[in-house]
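One-letter residues, chain by chain:
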Number of protein chains: 2
Amino acid sequence: MSPIPGLDRVGLLGGGVIGGGWAARFLLNGVDVQLFDPDPEAPRKVGEVLDNARRALLKLVSAPLPAEGTLTFVDSPEAAATGVDFVQESAPERMELKQQLLQRASAVAGPDVVFGSSTSGLLPTEMQHVMTHPERLVVGHPFNPVYLMPLVEVVGGERTSAAARTRAAEVYDQLGMQPVQLSTEIDGFVADRLMEALWREALWMINDGVATASEIDDCVRFGPGLRWSFMGTFLTYRIAGGEAGMRHFMAQFGPSLKWPWSKLTDVPELTDELLDTLVAQSDVQAAGRGIRELERQRDDSLVAVFHGLRSVGNGAGLVLDRYEQRLTEQASVSSRQVDPTQPLRLHEVAVPAEWVDYNGHMNDSRYFQLSSETVDAFLRHIGLDDAYLAGGHSWFTVESHLNFVGQARQGDRLYATVQVLSSDDKRVRVFTAMHRAHDDALLATAEHMLLHVDTRLDKACPAAPEMQAAIAAIAHHHGALPTPGNAGRAVGQQRS
Amino acid sequence: MSPIPGLDRVGLLGGGVIGGGWAARFLLNGVDVQLFDPDPEAPRKVGEVLDNARRALLKLVSAPLPAEGTLTFVDSPEAAATGVDFVQESAPERMELKQQLLQRASAVAGPDVVFGSSTSGLLPTEMQHVMTHPERLVVGHPFNPVYLMPLVEVVGGERTSAAARTRAAEVYDQLGMQPVQLSTEIDGFVADRLMEALWREALWMINDGVATASEIDDCVRFGPGLRWSFMGTFLTYRIAGGEAGMRHFMAQFGPSLKWPWSKLTDVPELTDELLDTLVAQSDVQAAGRGIRELERQRDDSLVAVFHGLRSVGNGAGLVLDRYEQRLTEQASVSSRQVDPTQPLRLHEVAVPAEWVDYNGHMNDSRYFQLSSETVDAFLRHIGLDDAYLAGGHSWFTVESHLNFVGQARQGDRLYATVQVLSSDDKRVRVFTAMHRAHDDALLATAEHMLLHVDTRLDKACPAAPEMQAAIAAIAHHHGALPTPGNAGRAVGQQRS
């Protein structure tokens, strides 16, 4: 039994990259799969997609996934459609092939079993008429990789019932996808049309020698592509229109439709009627959000995409990395004069939106993160660098203690200091104090015991002599400072 | 003095949304700005962009930003260009207006001062001939919002020197942007051409009543837009080609160029020469990465964008949120039978890529995060919900202690248990144990003192009676369990 009501077993017709992606979506959501593909290589191919999907979905989803469904390869479309709750067809894009599969499978499937077709552009009206119960065919067009991409375009043909559309959308939604119901069937539906227009323009540029594939892709991923990941073209342009919105944007940029800004020049006439329609639809989309709110949502989303891409070292994330490295270097050249007789002021951050929790202030775990980053700055300060790590040595945290004193809000700038409490040849006990910059208020303290390790043997060993010397020099100064009140505490211990 | 060598002061011509964005980029990087805009509203408009930029850049950048530069409004293009190291022009898109500004400003600027123009499509050759030292004009086309978007298209005209192109790219790079050097000047350059092609196709759909603005935007942001945020159209299609890459993709999809999949039908002829060029450029772009490596980079980047967008509650992030909520509910309906006589097993995660640090395993701060999430699950378990929070009550962490025992790697599934150590009417001391799922190895433990607070008065107060009862019931069972060895420790304390 799958955890999704009414969806215990599905039939899949076709097991290529797309069919394999569907298999992964269903199986990892606990649904059993019966798959027909005449290709003898299909089990290997589906297995490869499943491996990718398991790896990616485990990273994506932190909620508990159900036990995987069972995958069975069957030898006919009839066998795939027998005893199932839903069928998804993902055969190559040849009309007669799809018709044949749908005809055979629909002859044996229960009369209420809805069929989704993964076609990226063939019309459902032309596919459904060969079927037993043609009213249950819906296009459910997914995107590669199917196990991660949310979009499914849901399109009915002339004979498709409303119930079938609703059921298909419900199935895709249950798999964690985003069904978008389209009212009209056209070749290529919506997303492929947009991709195709961009692709044709890009091909012209290669053809004309204007730019290379890399340059064109860079112009997408460092530019409009970043915005397209959370808002499409209409919302982007509405914001470009400022206070006055879409009508203003069109007044400014409508004339450019006549300009030679694309090789693809067959453009719609910008009639009053089209303009009114566009403005009204844009208003619906904005749903009452004013320009400032839209700008802030856009900016917050851009920041989040940057941070996400930095965590995997790709695209715009690398631009940010480079920038921060330079800022850090500039700061250390121009002003970083660390006073060795005081707790070392080594780290500074602004509280990002995602650090704030349901209590409206910075989450407790982010103080640990801030303290951990501060300890990293301390380790760099005493000589831990890439060469030292590559030599098979590092410092591991073995024990930590934190006290939470005050609260930080989004956008607050915080700084942290490090005091060495004690050390020997392979251990150093440090104390960090986290302050709000604008009033120097103490918000939290942390104490960490660090152990120097041989990372190849995974056991403690003495630090390099010059690193021991650097720590000793700091410890000498810090020995003259008072021990912080929160050092050495156990949780809940009475204050002395 | 700005921290950027050779860039202490710049002149800006135009202070609208784009000019204001440039002002923010320069000022927040410590560069002084002299800005000319005849609009009496310019100071207000630039101030609004600056407010947005300060807010966004502080969230984006955790490295220390330099002291802000000084903004001065001046009353002529000559005054803006006097004594500066660089000039950026961002006037409205009228050739004669831009020519006039460039002519006047270039007559007074030092001979080596490079000029960037923000034009989104006018040709530099037609702008530069009116200038004193025309060889120093470069198009530097940015994207909105200029203070966040990395892309700047760098395009020279017929008379532009290589030195000027290099200098402009260097300036943009210093501001944390991504200059892309284009070899050929064409109307609209590269990015606007691609946006325009997509936009014209989208307008056709509105015109034909095929889909609405919201539906079209959804088909971008839940679909291809997600991929475009870190790879463009060529790399996307190379991956779609599988092992055999670009040539295979074109063999499969080249014919669709003849299909009516776009209203924009003036397509290039797919000659052998064009195909060879495309394949060669695609190989350069892949830089030796095979299909599996490209697929994994794509998947990791998609996951990171999802997580980023979830943190700000936008687009694909909301799809993930909904999906996880359902998975969690399904899990609690189907199997969550928490044994009350044992430490409560309430939370489970898979270690994402961004939780792993330079030591190759899960960063210490992520154990605190995991423990904190586990405590949140415990609080929900005892009845903390949105209504309780809205009533002005919550639990705050006041003290924590952690011990690090083992190491987790990316993709490991971890689970955590909660044991109640002690409690009274406004305090509960809990102990979490974090384990690797596949071998039940203990990786870390944490102890937290939680205080029940009136969030309006910001002071401690007793928990609601039914919540106290829920805690007492658990504490009764847990009182029979042995106290964990790491409970009650101070950092570095000898083991007894």
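Residues numbered from 1 in each chain as written. Chains lettered and ligands numbered in written order. Predicted model: local features only at pLDDT ≥ 70, side-chain atom pairs only at ≥ 80, totals over all residues.

1. Focus: the overall build of chain A
Now for step 1: The helix and strand inventory of chain A stands at 17 helices and 14 strands.
Now for step 2: The C-alpha atoms of chain A give 30 Å as radius of gyration, which overshoots the globular expectation for 496 residues (23 Å, by more than 25%).
Now for step 3: Across its three principal axes, chain A shows a C-alpha extent of roughly 90 × 60 × 50 Å.
Now for step 4: When each of the 496 residues of chain A is scored for burial, the buried share is 53%.
Now for step 5: Considering only contacts in chain A between residues 6 or more positions apart, those separated by 24 or more positions represent 69%. (Helix = DSSP H or I, 4+ residues; strand = E, 2+ residues; numbered from the N terminus. Rg over C-alpha atoms; globule rule 2.2 N^0.38 Å. Buried ≥ 20, exposed ≤ 12 C-beta atoms within 10 Å, placed from the backbone. Contact = placed C-beta atoms within 7 Å.)

2. Thoughts on the nonpolar core
Now for step 1: If you look at the biggest cluster of nonpolar residues, it comprises 240 residues, and the most contacted ones within it are Val87(A), Leu194(A), Val87(B) and Leu194(B).
Now for step 2: Once residues within four sequence positions are removed from consideration, Val87(A) is found in contact with Val10(A), Gly11(A), Leu13(A), Ala81(A), Ala105(A), Ala109(A), Val113(A) and Phe115(A). (Core = buried A, V, L, I, M, F, W, Y, C linked by C-beta atoms within 7 Å.)

3. So, the relation of the copies chain A and chain B
Now for step 1: Mapping chain A onto chain B calls for a rotation angle of 180° and an axial translation of 0.0 Å; the resulting RMSD is 0.1 Å. Classification of the inter-copy transformation places it as that of a two-fold axis.
Now for step 2: Here 100% of the contact residues of chain A are again contact residues in chain B; the copies associate through an equivalent surface. (Least-squares fit on C-alpha atoms with pLDDT ≥ 70 in both.)

4. Structural notes on the domain arrangement of chain A
Now for step 1: Considered domain by domain, chain A is made up of domain 1 (9-189), domain 2 (222-336) and domain 3 (338-478).
Now for step 2: Relative placement of domain 1 of chain A and domain 3 of chain A: their C-alpha centres are 51 Å apart. (Domains from an automatic or database assignment.)

5. Brief notes about the sheet that holds strand β6 (residues 137-141) of chain A
Residues and elements named next belong to chain A.
Now for step 1: Taken in spatial order, the eight strands line up as β3-β2-β1-β4-β5-β6-β7-β8 in an open sheet, and their pairing is mixed. Unpaired on one side and paired on the other, β3 (71-74) and β8 (178-182) mark the two borders of the sheet. Sheet twist, expressed as the average angle between the axes of neighbouring strands with direction ignored, equals 25°.
Now for step 2: For strand β4 (residues 86-89) and strand β5 (residues 114-117), the ladder comprises four bridges, and the chain directions are parallel. Paired with Glu89 across the two strands is Ser117, which belongs to β5.
Now for step 3: Packed on one face of the sheet, helix α4 (residues 95-108) meets β1 (9-13), β4, β5 and β6 and runs near 165° to β4. (Pairing = 2+ DSSP bridges. Axes fitted to C-alpha atoms, helices over the stretch in contact; angles between N-to-C directions.)

6. Brief notes about the packing of helix α15 (residues 364-381) of chain A against helix α15 (residues 364-381) of chain B
Now for step 1: Put simply, α15(A) and α15(B) touch, their axes get as near as 8 Å, and they point 175° apart. The orientation of α15(A) with respect to α15(B), classified from their angle, is roughly antiparallel. On α15(B), the residues touching Asp364(A), Ser365(A), Phe368(A), Gln369(A) and Ser372(A) of α15(A) are Asp364(B), Ser365(B), Phe368(B), Gln369(B) and Ser372(B). (Parallel < 35°, antiparallel > 145°, perpendicular 65-115°, else oblique.)

7. So, the interface of chain A and chain B
Much of the literature gives interface size as the accessible area that the parts lose upon coming together.
Now for step 1: Taken together, the contacts link 156 residues of chain A with 156 residues of chain B.
Now for step 2: Ranked by residue count, the leading element in the side of chain A that touches chain B is helix α7 (residues 191-208) of chain A, at 17 residues.
Now for step 3: Grouping the constituent residues of the side of chain A that touches chain B by class yields 83 nonpolar, 47 polar and 26 charged.
Now for step 4: Bridge analysis of strand β10 (residues 393-404) of chain A against strand β10 (residues 393-404) of chain B gives five bridges, and the strand direction is antiparallel. Note that in β10(B) the partner of Ser400(A) across the bridge is Leu402(B). (Nonpolar A, V, L, I, M, F, W, Y, C, P; charged D, E, K, R; others polar.)

8. Brief notes about unusual backbone geometry
Now for step 1: In the segment running from Asn144(A) into Pro145(A), the intervening peptide bond is cis, with an omega of 0°.
Now for step 2: You can see Pro145(A) is positioned in the loop between β6 and β7 (151-156).
Now for step 3: Despite not being glycine, Phe189(B) shows a phi value in the positive range, around 50°.
Now for step 4: By the secondary structure assignment, Phe189(B) is in the loop between β8 (178-182) and α7 (191-208).
Now for step 5: Look at Asp458(B): it is not a glycine, yet its phi comes out positive at around 55°.
Now for step 6: Following the sequence through the fold, Asp458(B) ends up in the loop between β13 (442-454) and β14 (459-460).

9. Brief notes about the environment of Asp208(A)
Residue and element names in this part refer to chain A.
Now for step 1: Tracing the chain through its elements places Asp208 in helix α7.
Now for step 2: Residue Asp208 is classed as partly exposed on the basis of its 13 C-beta neighbours within 10 Å.
Now for step 3: Between the C-alpha atoms of Asp208 and Met246, which are 38 residues apart in sequence, the distance is 34 Å.

10. Focus: the packing of helix α13 (residues 291-311) of chain A against helix α13 (residues 291-311) of chain B
Now for step 1: Relative orientation of the contacting elements α13(A) and α13(B) amounts to 145°, with a least axis distance of 8 Å. In this structure, α13(A) meets α13(B) at a crossing whose hand is right-handed. Residue-level contacts link Ser301(A), Ala304(A), Val305(A), His307(A), Gly308(A), Leu309(A) and Ser311(A) of α13(A) to Ser301(B), Ala304(B), Val305(B), His307(B), Gly308(B), Leu309(B) and Ser311(B) of α13(B).
Now for step 2: Here the residues of the contact of α13(A) with α13(B) are counted per class, giving six nonpolar, eight polar and no charged. (Left-handed = near helix turned anticlockwise from the far one by under 90°.)

11. A few points about helix α2 (residues 42-60) of chain B
Now for step 1: In this model α2(B) runs 26 Å from its N-terminal to its C-terminal C-alpha over 19 residues, within 8% of the 27 Å that 1.5 Å per residue would give.
Now for step 2: By the burial criterion, the buried members of α2(B) are Val46(B), Val49(B), Asn52(B), Ala53(B), Ala56(B), Leu57(B), Leu58(B), Lys59(B) and Leu60(B). (Expected span 1.5 Å × (residues − 1).)

12. Some words on the sheet that holds β8(B)
Residue and element names in this part refer to chain B.
Now for step 1: Strand order in the open sheet formed by eight strands is β3-β2-β1-β4-β5-β6-β7-β8, and the pairing between neighbours is mixed. Edge strands, defined here as strands with exactly one partner in the open sheet, are β3 (71-74) and β8. In this sheet, neighbouring strand axes are inclined to one another by 25° on average, regardless of whether the strands run parallel or antiparallel.
Now for step 2: The pairing of strand β1 (residues 9-13) with strand β2 (residues 32-36) spans five bridges and is parallel.

13. Points about helix α17 (residues 465-478) of chain B
Side chains of residues three or four places apart in an α-helix project in the same direction, reflecting 3.6 residues per turn.
Residue and element names in this part refer to chain B.
Now for step 1: If you check α17, its first and last C-alpha atoms are 20 Å apart, about what 14 residues at 1.5 Å a residue would give, namely 20 Å.
Now for step 2: If you check which residues of α17 are buried, you get Met467, Ile471, Ile474 and His478. One side of α17 carries all its buried residues, which in axial view fall inside an arc of 65°. Facing away from the buried surface of α17 by more than 90 degrees, the exposed residues are Pro465, Glu466, Ala469 and His476. (Arc of directions from axis to C-beta.)

14. Digging into the environment of Glu329(A)
Now for step 1: Along the chain, Glu329(A) falls in helix α14 (residues 316-334).
Now for step 2: Sequence separation between Glu329(A) and Asp283(A) is 46 residues; the distance between their C-alpha atoms is 46 Å.

15. Focus: the pairing of β6(A)
Residue and element names in this part refer to chain A.
Now for step 1: Counting buried positions along β6 gives five out of five residues, so the element sits mostly inside the fold.
Now for step 2: With three bridges connecting them, β5 and β6 associate as parallel partners. When the sheet's bridge partners are listed, Gly116 is paired in β6 with Val138.

16. Overview of the pairing of strand β12 (residues 427-436) of chain A
Residues and elements named next belong to chain A.
Now for step 1: Of all the ten residues making up β12, eight are buried; the element is thus mostly covered by neighbouring parts of the structure.
Now for step 2: Taken together, the nine bridges between strand β11 (residues 413-423) and β12 define a ladder with antiparallel strand orientation. Across the sheet, the residue bridging to Gln419 is Phe431, located in β12.
Now for step 3: Between β11 and β12, which pair antiparallel in sequence order, lie three residues.
Now for step 4: Judged from the nine bridges that link them, β12 and strand β13 (residues 442-454) form a sheet pairing that is antiparallel. Its bridge partner lying in β13, Met434 is registered against Ala444.
Now for step 5: In this structure, the hairpin formed by β12 and β13 is closed by a connection of five residues, where Asp440 is found at a positive phi of approximately 60°.

17. Side note on the environment of Arg427(B)
Residue and element names in this part refer to chain B.
Now for step 1: Mapped onto the elements, Arg427 comes out in strand β12 (residues 427-436).
Now for step 2: With 24 residues separating them in the primary sequence, Arg427 and Leu451 have C-alpha atoms 4.8 Å apart.
Now for step 3: When near neighbours in sequence (up to four residues on either side) are disregarded, Arg427 contacts Met449, Leu450 and Leu451.

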